[in-house]
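Each chain, written out:
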Amino acid sequence: MADSARAQKLVYLVTGGCGFLGEHVVRMLLQREPRLCELRIFDLHLGPWLDELKTGPVRVTAIQGDVTQAHEVAAAVAGTHVVIHTAGLVDVFGKASPETIHEVNVQGWPSVTCCGSPWTWGRKHMPSSTFGMGRRKKLQLGHSPPPHLLPSPGTQNVIEACVQTGTQFLVYTSSMEVVGPNVKGHPFYRGNEDTPYEAVHRHPYPCSKALAERLVLEANGRKVRGGLPLVTCALRPTGIYGEGHQIMRDFYHQGLRLGGRLFRAIPASVEHGRVYVGNVAWMHVLVARELEQRAALMGGQVYFCYDKSPYKSYEDFNMEFLRPCGLRLVGTRPLLPYWLLVFLAALNALLQWLLRPLLLYAPLLNPYTLAVANTTFTVSTNKAQRHFGYEPLFSWEDSRTRTIRWVQGVESSSQ
Ligand SMILES: NC(=O)C1=CN([C@@H]2O[C@H](COP(=O)(O)OP(=O)(O)OC[C@H]3O[C@@H](n4cnc5c(N)ncnc54)[C@H](O)[C@@H]3O)[C@@H](O)[C@H]2O)C=CC1
Ligand SMILES: CC(C)CCC[C@@H](C)[C@H]1CC[C@H]2[C@@H]3[C@H](O)CC4=CC(=O)CC[C@]4(C)[C@H]3CC[C@]12C
């Protein structure tokens, strides 16, 4: 590496750096950001694989911490140039309470009802939101509590830490879920960042991501310590797949238990947007790199994460990896009628509620996951290419091969 590049000595922080996406972002930064001199990895749970990174030329600092603790976040952020905030509670199965999801993903404001939904978490109510646009001024998510009333946790902590310690660049991992699918099951077909879509959420996870994204975008332009403006932007991956994808692993094991078969539940015509984890990581690295030079263009913007992965139903897409590992998908049409799936999903939700005092019952199928899996949501955009020159680093063939290899590794390691 050229001395001049190294001389710039950039310090990066990746929150959630030990998660599925976070680990790929960390590895990508080490491979593809020549100006890096220190990489801080902040996570609730640190992985043993971090040790192998500590022998390279970049100083790797692992920090066990909790984003809901303002002082821990501030200590980790102090002295960094760029923060990539991927940490989050990704829970659509009802494992965590709505309050916990909100606290980790957004801020410590336990009494917020999200996005015009009847999903009441507490006393306050927020009106409906309109999403599907790239510009901050169009966001209509209702009124935030006044800042002096905000306790600190979650994404709010990360923003405040940047402001207080003088870190100028913040990249936030948002989600397609910020847009949809909405509770009405409207399809979003080949949409882009400007496609109008009625984003109405009921579930705590998309609500929390939508609120957090708004906080991040609204923070763009705030003066950080030293007087420079904070530059923020948000990346919205669709369903991420690739090495380390827990749900893929679960489907694989379920298929093995069922004698090498999975049973089609969702019509093949329902398309679901997917993106390879390596390309999502690459987009994060590129955004972080370009934010300084293109602050006026990129600050306060949202970008869908996309690549050349084909548009398919959730199950058909998974079979691209599971078929070469010996599984087959039974049925060209769903085996169970949709009304029965709706009934089973509702039954699961009821059982979860009844059993809660005794045990955690969190199956894959619930009314929310059924609605998401059963609604077409695909993106088609080139905004990232136009704004910061993004091209997928991994072709579809490459992404597929890497994922298959990983699933096959899961198989051999579990034997
Ligand atoms: N998995 C997916 O398909 C998609 C994920 N995303 C977003 O990408 C981000 C990363 O998601 P994944 O890697 O899939 O999830 P993950 O669960 O594998 O990673 C999240 C990481 O955040 C850490 N974390 C959780 N709570 C924390 C806390 N209080 N303090 C510090 N660290 C904490 C976890 O320990 C974990 O390592 C999340 O923000 C998620 O909302 C967005 C779109 C799709
Ligand atoms: C037979 C069942 C009906 C099939 C259930 C599949 C579901 C578990 C998954 C279908 C769609 C997934 C979600 C989607 O990819 C979008 C997501 C974005 C995120 O930010 C987090 C994860 C997720 C909500 C993802 C979760 C699993 C599905 C609901």
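Small disclaimer: the values here were computed from a predicted structure and weren't measured. (Residues numbered from 1 in each chain as written. Chains lettered and ligands numbered in written order. Predicted model: local features only at pLDDT ≥ 70, side-chain atom pairs only at ≥ 80, totals over all residues. Heavy atoms only, no water.)

Observations regarding the side chain of S208
So, point 1. In this structure, S208 sits in helix α6 (residues 204-219).
So, point 2. Classification of S208 as buried rests on a relative accessible area of 0%.
So, point 3. For S208, the side chain forms a polar contact with the main-chain oxygen of Y205, separated by 2.7 Å. (Helix = DSSP H or I, 4+ residues; strand = E, 2+ residues; numbered from the N terminus. Buried < 20%, exposed > 50% of the residue type's maximum accessible area, 1.4 Å probe, protein only. Polar contact = N/O pair within 3.5 Å; in protein donor to acceptor, adjacent residues only side chain to side chain.)

Some details on the pattern of salt bridges
So, point 1. What the rule picks out here adds up to 16 salt bridges.
So, point 2. A salt bridge links R59 to E38, with the shortest nitrogen-to-oxygen separation between them at 3.9 Å. Residue R59 is located in strand β3 (residues 59-64), and its partner E38 is located in strand β2 (residues 36-43); the two are separated by 21 residues in the primary sequence.
So, point 3. Linked through salt bridges whose partners overlap, the residues forming this network are E23, R27 and E52. (Salt bridge = Lys/Arg side-chain N within 4 Å of Asp/Glu carboxyl O.)

Here we look at the nonpolar core
So, point 1. One finds Y12, L29, L39, I84, L322 and F388 to be the most contacted residues of the largest nonpolar core, which totals 70 residues.
So, point 2. It is helix α8 (residues 277-290) that provides the largest number of residues to this core, a total of nine residues.
So, point 3. Residues contacting L39, with those up to four places away along its chain left out, are Y12, V14, V26, L29, L30, V58, R59, V60 and T61. (Core = buried A, V, L, I, M, F, W, Y, C linked by side-chain atoms within 4.5 Å. Contact = heavy atoms within 4.5 Å.)

Re the site of ligand 2
So, point 1. Taken together, the neighbourhood of ligand 2 is formed by 17 residues, with S175, E177, Y205, G239 and H272 sitting nearest.
So, point 2. In this structure, H272 approaches ligand 2 through a side-chain N or O atom, which is 3.0 Å from an oxygen atom.
So, point 3. Protein chains bury 89% of the 610 Å² of accessible surface belonging to ligand 2 in isolation.
So, point 4. Ranked by residue count, the leading element in the shell around ligand 2 is helix α12 (residues 367-373), at three residues.
So, point 5. Each residue belonging to the shell around ligand 2 can be placed in one class, and the counts come to twelve nonpolar, four polar and one charged. (Near = heavy atom within 4 Å. Areas by Shrake-Rupley, 256 points an atom, 1.4 Å probe, with all protein chains shown as cover. Nonpolar A, V, L, I, M, F, W, Y, C, P; charged D, E, K, R; others polar.)

Looking at helix α4 (residues 98-105)
Along an α-helix, residues three or four positions apart point the same way, because every turn accommodates 3.6 residues.
So, point 1. Every buried residue of α4 is listed here: P98, I101, H102, V104 and N105.
So, point 2. Looking at the buried residues of α4, the elements they touch are α5 (155-165), β5 (169-173) and α6.

Comments concerning the site of ligand 1
So, point 1. In the vicinity of ligand 1 there are 25 residues, among which L21, D43, D66, Y205 and K209 approach most closely.
So, point 2. Here a nitrogen atom of ligand 1 and a side-chain polar atom of D66 are 2.8 Å apart.
So, point 3. Compared with its free state, where it exposes 810 Å², ligand 1 has 85% of that area covered by protein.
So, point 4. A class-by-class count of the residues in the shell around ligand 1 yields eleven nonpolar, eleven polar and three charged.

Some remarks on unusual backbone geometry
So, point 1. Residue P181 is reached from G180 by a cis peptide bond, and omega for that bond is 5°.
So, point 2. Examined against the element boundaries, P181 turns out to sit in the loop between β5 and β6 (188-191).
So, point 3. Within the chain, R190 stands out as a residue other than glycine whose phi angle is a positive 55°.
So, point 4. Following the sequence through the fold, R190 ends up in strand β6.
So, point 5. By relative accessible area, R190 is classed as partly exposed at 26%.

Quick notes on the UniProt feature "domain: 3-beta hydroxysteroid dehydrogenase/isomerase" (unreviewed entry) in the chain
So, point 1. Mapped onto this numbering, the UniProt entry gives "domain: 3-beta hydroxysteroid dehydrogenase/isomerase" (unreviewed entry) at residues 13-110 and 154-329.
So, point 2. With 38% helix and 18% strand, the stretch residues 154-329 has end C-alpha atoms that lie 40 Å from each other. (UniProt positions renumbered as here; feature names shortened; annotations may be inferred.)

Details of the pairing of β2
So, point 1. Counting buried residues in β2 gives seven out of eight residues, a clear majority hidden from the surface.
So, point 2. Sheet topology note: the strand β1 (residues 10-15)/β2 ladder contains six bridges and is parallel. In the strand pairing of β2, L13 is matched with R40.
So, point 3. For the handedness criterion, the β-α-β arrangement of β1, helix α2 (residues 20-32) and β2 is classed as right-handed.
So, point 4. One ladder, built from six bridges, connects β2 with β3; its direction is parallel. Within β3, the residue paired with I41 across the bridge is A62. (Pairing = 2+ DSSP bridges. Right-handed = clockwise from strand over helix to strand, strands pointing away.)

Observations regarding the state of the cysteines
So, point 1. Using the criterion set out here, one finds zero disulfides in the structure.
So, point 2. Free of any disulfide, C162 has its nearest cysteine sulfur in C233, 12 Å distant.
So, point 3. Unpaired in terms of disulfides, C233 finds its nearest cysteine sulfur in C305, a separation of 9.8 Å.
So, point 4. C233 gets classed as buried once you look at its relative accessible area, which sits at 0%. (Disulfide = S-S within 2.5 Å.)

Some points on the environment of D316
So, point 1. If you trace the backbone, D316 turns up in helix α10 (residues 314-322).
So, point 2. Distance in space between the C-alpha atoms of D316 and V275 is 14 Å, their sequence separation being 41 residues.
So, point 3. Setting aside anything within four residues of it in sequence, one finds D316 in contact with R264, A268 and L329.
So, point 4. Within polar-contact distance, the side chain of D316 engages the side chain of R264 at 2.9 Å.
So, point 5. Side chain to side chain, D316 and S313 meet in a polar contact 2.7 Å long.

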